[in-house]
Amino acid sequence: MKKDYYEVLGVAKGASSEEVKKAYLKKAKEHHPDMNPTNKKEAEEKFKEVSEAYEVLMDPQKRQLYDQYGHDGVSQTFKGGGFSWDDFTHFDDLQDILGNLFGGSAFEDLFGFGGRRGQQRVRRGGDIHVMLKVSLEDIVNSTKKQFKINRFEGCKACNGKGGKDFGTCSQCGGRGQVKTQSRSFFGTFTSVSTCPSCKGSGQIIKTPCSKCSGSGRIRVARTIEIKTPRGVASGQYIVLRGEGHHGQGGNGNIVVQFEEKAHEYFERQGYDLYIRMLTPYSKLIGGGSIEVPGFNGQRERVKIKKGSSAPEIIRVKGKGMPRPDGGYGDLYVELDLQPLESTDRNLGKVIDELKRYEGDPKPRRRGS
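Before going into details, it helps to say that this report is about the structure given with it. As a convention, each chain's residues are numbered from 1 in the sequence order in which they are written. At least 70 in pLDDT is required for a residue's local features to be given in this predicted model, at least 80 for side-chain atom pairs to be given and counted, and no such filter applies to totals for whole chains, interfaces and linings, which use all residues. Only heavy atoms go into the side-chain values, all of them from the structure, while hydrogens and water stay out.

## Some words on the side chain of Arg268
What counts is decided by this rule: Runs of H or I in DSSP of at least four residues are treated as helices and runs of E of at least two as strands, each being numbered from the N terminus. We define a polar contact as two N or O atoms separated by no more than 3.5 Å, with the added condition that, inside protein, one atom must be a possible hydrogen donor and the other a possible acceptor, whereas residues neighbouring each other in sequence contribute only through side-chain atom pairs.
With respect to the element layout, Arg268 can be found in strand β10 (residues 267–269). In terms of polar contacts, Arg268 uses its side chain to reach the side chain of Glu260, at 2.7 Å. Here the side chain of Arg268 touches Gly270 through a polar contact of 2.6 Å, landing on its backbone oxygen.

Right, dumping it as structure tokens:
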């Protein structure tokens with residue numbers, strides 16, 4: 001069983017980003033392989049474990065998914081359903097935390113020169129963020145929704161290479177990154193950055209492609225279709241892996257965040273629905289039933305007990321919003337007194353007759 005991310009870093013569930021980063025600094029130094037030369041394999045596993053926790057807890061959206069659904073909820077944000085170093089987006093933090101402490105060896109020993117071992121650190125394509133508005137009906141019916149994007153795709157004329165006749169970059173020696181050192185009162189500090197000449201590819205294009213001007217990609221308009229996730233709520237998102245901008249290091253992702261439209265009648269709280277119904281006085285005192293509007297043209301019949309009051313809330317189990325696990329929330333119907341609309345002259349006589357049975361006003365005990 002995977003450990004709780006908060007427990008791994010030793011922070012409280014409500015910890016701030018600063019507290020999370022401080023805890024990670026301590027754990028990363030403690031479990032770095034260079035600090036554990038006699039037990040490097042276990043240290044690497046621990047180092048990866050704390051880095052996975054850091055990746056999730058430092059990302060507000062990943063953290064929300066984890067708080068709601070645990071490890072199963074956040075696994076969908078990782079490639080292949082499980083965390084790997086390709087999912088880690090805080091290498092700059094690692095460099096700040098470890099690069100200066102170990103003279104750059106943190107990246108060279110654990111990941112290779114500033115990235116994956118034995119490879120140039122080539123930039124992945126950028127992510128595309130989309131805000132998609134959905135209605136309660138869309139969520140209930142898992143409706144298919146479309147949205148348009150403009151993304152960079154690999155140039156077909158050069159197969160995404162940017163041209164032909166390649167040569168090794170002289171500035172970085174083909175490694176894609178350069179190291180710089182600076183001295184201060186505290187000692188020598190080493191930093192690693194993407195090579196400015198080859199942009200991390202390790203190669204220089206001698207004959208650039210005329211269609212993409214050597215970039216290896218062109219901008220294309222696309223229409224993307226997705227299915228509204230069951231039970232999704234405002235602020236939640238899904239990740240479409242590899243559907244973002246093209247890059248030499250792989251395509252980016254499309255991050256689709258959902259925004260729920262306000263409904264004409266219903267108010268949503270979690271997976272529960274709330275609706276206010278104007279109810280005739282005769283139904284309140286004599287009992288009966290009323291019809292509550294639903295989705296897809298359906299209506300829900302709700303029973304009212306004799307002697308009901310207004311306001312009063314009736315709970316209808318299992319008639320709320322769908323849950324991702326297959327269940328449903330509840331429907332809460334608030335009864336409110338419906339004003340009399342008739343102008344018949346006999347209405348006054350009926351009200352006077354009713355007064356004989358009402359009694360005098362009296363205080364009501366709180367909570368009853």
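## A short note on the sheet that holds strand β1 (residues 128–134)
What counts here: Strands are labelled as partners when DSSP assigns at least two bridges between them. Lines fitted to the C-alpha atoms define the axes, with helices restricted to the stretch that makes contact. Angles between their N-to-C directions range from 0 to 180 degrees.
If you trace the three strands from one edge of the open sheet to the other, you get β1-β9-β8, paired in mixed fashion. In this open sheet, the two edge strands, each paired with only one partner strand, are β1 and β8 (237–240). Across the sheet, the mean angle from the axis of one strand to that of its neighbour is 25°, orientation sign disregarded. The pairing of β8 with strand β9 (residues 254–260) spans four bridges and is antiparallel. Note that in β9 the partner of Leu240 across the bridge is Ile254.

## What about the packing of helix α2 (residues 17–31) against helix α3 (residues 40–57)?
This is how it is decided: Note that the term roughly parallel is reserved for angles under 35 degrees, roughly antiparallel for angles over 145, roughly perpendicular for angles of 65 to 115, and oblique for everything else. Two residues qualify as a contact provided that any one of their heavy atoms is within 4.5 Å of a heavy atom in the partner residue.
The geometry of α2 relative to α3 is characterised by a closest axis approach of 9 Å and an angle of 170° between their N-to-C directions. Taken together, the axes of α2 and α3 lie roughly antiparallel to each other. Between α2 and α3, the contacting residues are Val20, Lys21, Tyr24, Lys27, Ala28 and His31 on the first element and Ala43, Lys46, Phe47, Val50, Ser51, Tyr54 and Leu57 on the second.

## A short note on the nonpolar core
Nonpolar side chains in soluble globular proteins generally cluster together in the buried interior. Rules: Among buried residues, the Ala, Val, Leu, Ile, Met, Phe, Trp, Tyr and Cys ones that are joined through side-chain atoms within 4.5 Å form a nonpolar core. Using a 1.4 Å probe on the protein chains alone, a residue whose accessible area is under 20% of its type maximum counts as buried, one over 50% counts as exposed, and one in between counts as partly exposed.
In this structure, Phe147, Ile226, Ile254 and Val256 are the most contacted members of the largest nonpolar core, which totals 33 residues. The element that contributes the greatest number of residues to this core is β1, accounting for four residues. Contact partners of Ile254, with chain neighbours within four places excluded, come to Ile128, Val130, Phe147, Ile149, Arg151, Ile224, Ile238, Val239, Leu240, Glu243 and Gly244. Judged by nonpolar contacts, the second largest core, of 21 residues, contains Tyr5, Val11, Ala15 and Val56.

## Focus on the pattern of salt bridges
What counts here: We define a salt bridge as a side-chain nitrogen of Lys or Arg found within 4 Å of a carboxyl oxygen belonging to Asp or Glu.
Throughout the structure, instances matching the rule amount to 14 salt bridges. For Asp127, the salt bridge identified is with Arg124, shortest N-O distance 3.1 Å. Among the residues examined, Arg124 registers a relative accessible area of 33% and is labelled partly exposed. One network of salt bridges, with partners in common, ties together Arg151, Glu153, Arg222 and Glu243.

## So, α3
For clarity, the cut-off: Expected span of a helix: the number of residues minus one, times 1.5 Å.
For α3, which comprises 18 residues, the first-to-last C-alpha distance of 26 Å matches the rise-based estimate of 26 Å (1.5 Å per residue) to within 8%. Inspection of α3 places Ala43, Phe47, Val50, Ser51, Glu52, Ala53, Tyr54, Glu55, Val56 and Leu57 among the buried residues, and these make up the whole buried set.

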